[in-house]
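So the chains spell out like this:
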Amino acid sequence: MKKFFKIWSVALLGVMGMTMSSCSDNNDNNKSNNNLDPYEQDWQGKTAKYTIMLYGCGGGDIDEVQFLNAIPYVQDRLNVEGNQVRFVVMYSMSKDDSKYREAAKKNRESYTGPFTPSYGEWGKTYRYEITPYITKENYHDYGYYDEAKNVELYDVETIKEYIKWAKETAPAENYILMPINHGGGFDLDNEEIKSRAIAYDDNQADEEGHAPGIPTKAFAQALEETDTHLKAIYWNGCMMGQLEVMTEVAPYCDYQFCGAHLQYAIERHIYAIVEALNTYPDANDFEKAALVQSGILDGPSKGDDTSFSDALLNQSIGTKMINANGDFGCWRSSGLAAINAQVARLAAVLEEGYQDISDGGGRDKIDMATRHVYMFDNDNKFIDVLDYALWSYHYLQTNETASIYNELELALNKANVYQFCRLNRKIVNDGGKTVYYKWPATNRYSLGISLYDQMSQTWKEFNEIYKASAFDKTTGWSKFLDRNLQEVEATTNPCNESSIIPFWLLD
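In this text the structure is predicted, and so the values were computed from the model without any measurement.

Visitor: For this particular structure, what's the right way to read the packing of helix 4 (residues 71-78) against helix 10 (residues 268-279)?
Guide: Angle between the axes and distance between the axes are the two parameters that describe a pair of packed helices. Where helix 4 contacts helix 10, the two axes come as close as 9 Å, and the packing angle between them is 5°. By the angle class used here, helix 4 and helix 10 are roughly parallel. Contacts between helix 4 and helix 10 pair Y73, V74, R77 and L78 from the former with I270, Y271, V274, E275 and N278 from the latter.

What follows is the structure in structure tokens.
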């Protein structure tokens, strides 16, 4: 979590102190029809085309820039003629403002706080429907649900109850689930209940400060047990573009929005999808809506918010300036089967080849491929699957690996609706010289896949969790991981980690 707090605080500093504007009235979660505001009254007896279900938390440092700043933008896009979208929320505010005060002190030595959130109160959970009549003044009374310390967001029963409430509160023809907060992909050593995958809630942190998150499997179980099929899951957090994550929930959604890199917190993720769905509300036009959403997400900055590309450019961490690499896209869940079929072929080739331990044999060549593959983040063993297929072909030079690479690229293209591939990484070394690098070798990003070595403590302790995943049951990827001896690490692999300058970046 320290890593995520460090990255997100960059985006936070640029928006502290912003003011918000909105409209008026009030509400609570046990209201009768007589207490509904005009927006809710207008929806009585009607079914929307889409209901978006936002679910997550602030996690200690990103309440404002990831969600709260977006509320007036969402209100504006719901308050249009012929609106076809409803937006419900279950959100736990950060425990307190300590992370905000820490970030502020870096810029203003005398600043000690407090930092007051634009909406709501610290340490509270809110559950409500966003309407044009919510204001900063009535927000708490309108949406207060419970003390956040009492709300276990990671629990399957909590997720199930929220989904049922959302469908009853805002019935729609189609539903989109938006898990929100810090993400960790298929975080193997914690991918179970009371674990970490997305939405690390500091209200539930243990004595050492480790906050539990929501595992991928919890979402899959909740969707199955509530008999809910989604139009899409919008993973609004870091590194959720991993094949293990996407495969686990694929049976329960038609599309998935996600990125495999660290994601900067920007409010456009929240309101862009609302505007896009109102542009193309018919479910048959969902991919057209996704393309509209991509244009809004990465459109020119209007001065009051940040675009996807802006968030990746001209960022600083410590004394180093970076242009961060980044990706984000929309993927068809139905396309994952063809992708995973090629991963299964690759796993078989690597497992078989690894048994050749002669000098310069299969194991040596596969280890070379592993050392060259692009790694999305320094702290997590997630590598780019298409890049790995390419490096495997480069070193093994077989017809099979050539076929796997070509078929995998074709399957990825067929599964993709749109994707941003921002290969921006810039490092300014101590001598002041700017050095540009572009990875992966494919000159694009695909999707992530875990790559552990058999000696890894994480793999030794938690490989059975991995082997129980839908992805591994489909691909048999763990059969290679059980053999692999080559560690994936930032000092060897090219990666998007900006807090280090490994030897292969030095002059």
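Visitor: Can you walk me through the packing of helix 13 (residues 336-353) against helix 16 (residues 399-415) in this structure?
Guide: Between helix 13 and helix 16, the shortest axis-to-axis distance is 8 Å and the interhelical angle comes to 160°. Between helix 13 and helix 16, the angle is such that the two are roughly antiparallel. By crossing handedness, the relation of helix 13 to helix 16 is classed as left-handed. Listed contacts from helix 16 to A338, I339, Q342, R345, L346 and V349 of helix 13 are E400, T401, S403, I404, E407, L408, A411, L412 and A415.

Visitor: Teacher, can you tell me more about the confidence of the model for the protein here?
Guide: Note that predicted coordinates carrying low pLDDT should not be read in detail. With 83% of its residues at a pLDDT of at least 70, the protein reaches an overall mean of 86. Scored below 50 in pLDDT, residues 1-28 makes 93 contacts in the model with residues more than four places away or belonging to other chains. When the criterion is pLDDT under 50, residues 500-507 qualifies, and its contacts beyond four places in sequence or with other chains add up to 24 contacts.

Visitor: Before we go on, may I ask you to explain the pattern of salt bridges in this structure?
Guide: It is possible for side chains of opposite charge to pair when their charged atoms get near one another. Under the counting rule described, the total for this entry stands at 18 salt bridges. The residue D298 makes a salt bridge to R422 at a minimum N-O spacing of 2.3 Å. With D298 in the loop between helix 11 (286-297) and helix 12 (308-312) and R422 in strand 13 (residues 416-422), the pair connects residues that are 124 residues apart, well separated along the chain. Residue R422 is classed as partly exposed on the basis of its relative accessible area, which comes to 22%. The partner of E400 in a salt bridge is R345, with the nearest N and O atoms 2.9 Å apart.

Criteria and thresholds
Each chain carries its own residue numbering, running from 1 in the written order of its sequence. A pLDDT threshold of at least 70 governs which residues receive local features in this predicted model, and a stricter bar of 80 or more applies before side-chain atom pairs are shown or counted, although totals over entire chains, interfaces and linings include all residues. Remark: hydrogens and water are excluded; side-chain values derive from all non-hydrogen atoms of the structure. Lines fitted to C-alpha atoms define the axes here, with helix axes fitted over just the stretch in contact, and angles between the N-to-C directions of these axes take values from 0 to 180 degrees. Counting from the N terminus, the helices are DSSP H or I runs at least four residues long and the strands are E runs at least two residues long. For classification purposes, angles smaller than 35 degrees are called roughly parallel, those larger than 145 roughly antiparallel, those between 65 and 115 roughly perpendicular, and all remaining angles oblique. Contacts are assigned to residue pairs with any non-hydrogen atoms lying within 4.5 Å of each other. The hand of a helix crossing depends on one turn: near helix anticlockwise from the far one by less than a right angle means left-handed, and clockwise means right-handed. As a per-residue quantity, pLDDT reports the predictor's confidence and falls between 0 and 100. Note on definitions: salt bridges are taken to be side-chain nitrogens of Lys or Arg within 4 Å of carboxyl oxygens of Asp or Glu. Here's how the labels work: a residue is buried when its accessible area is under 20% of the maximum for its type, exposed when over 50%, partly exposed in between, all with a 1.4 Å probe on protein chains only.

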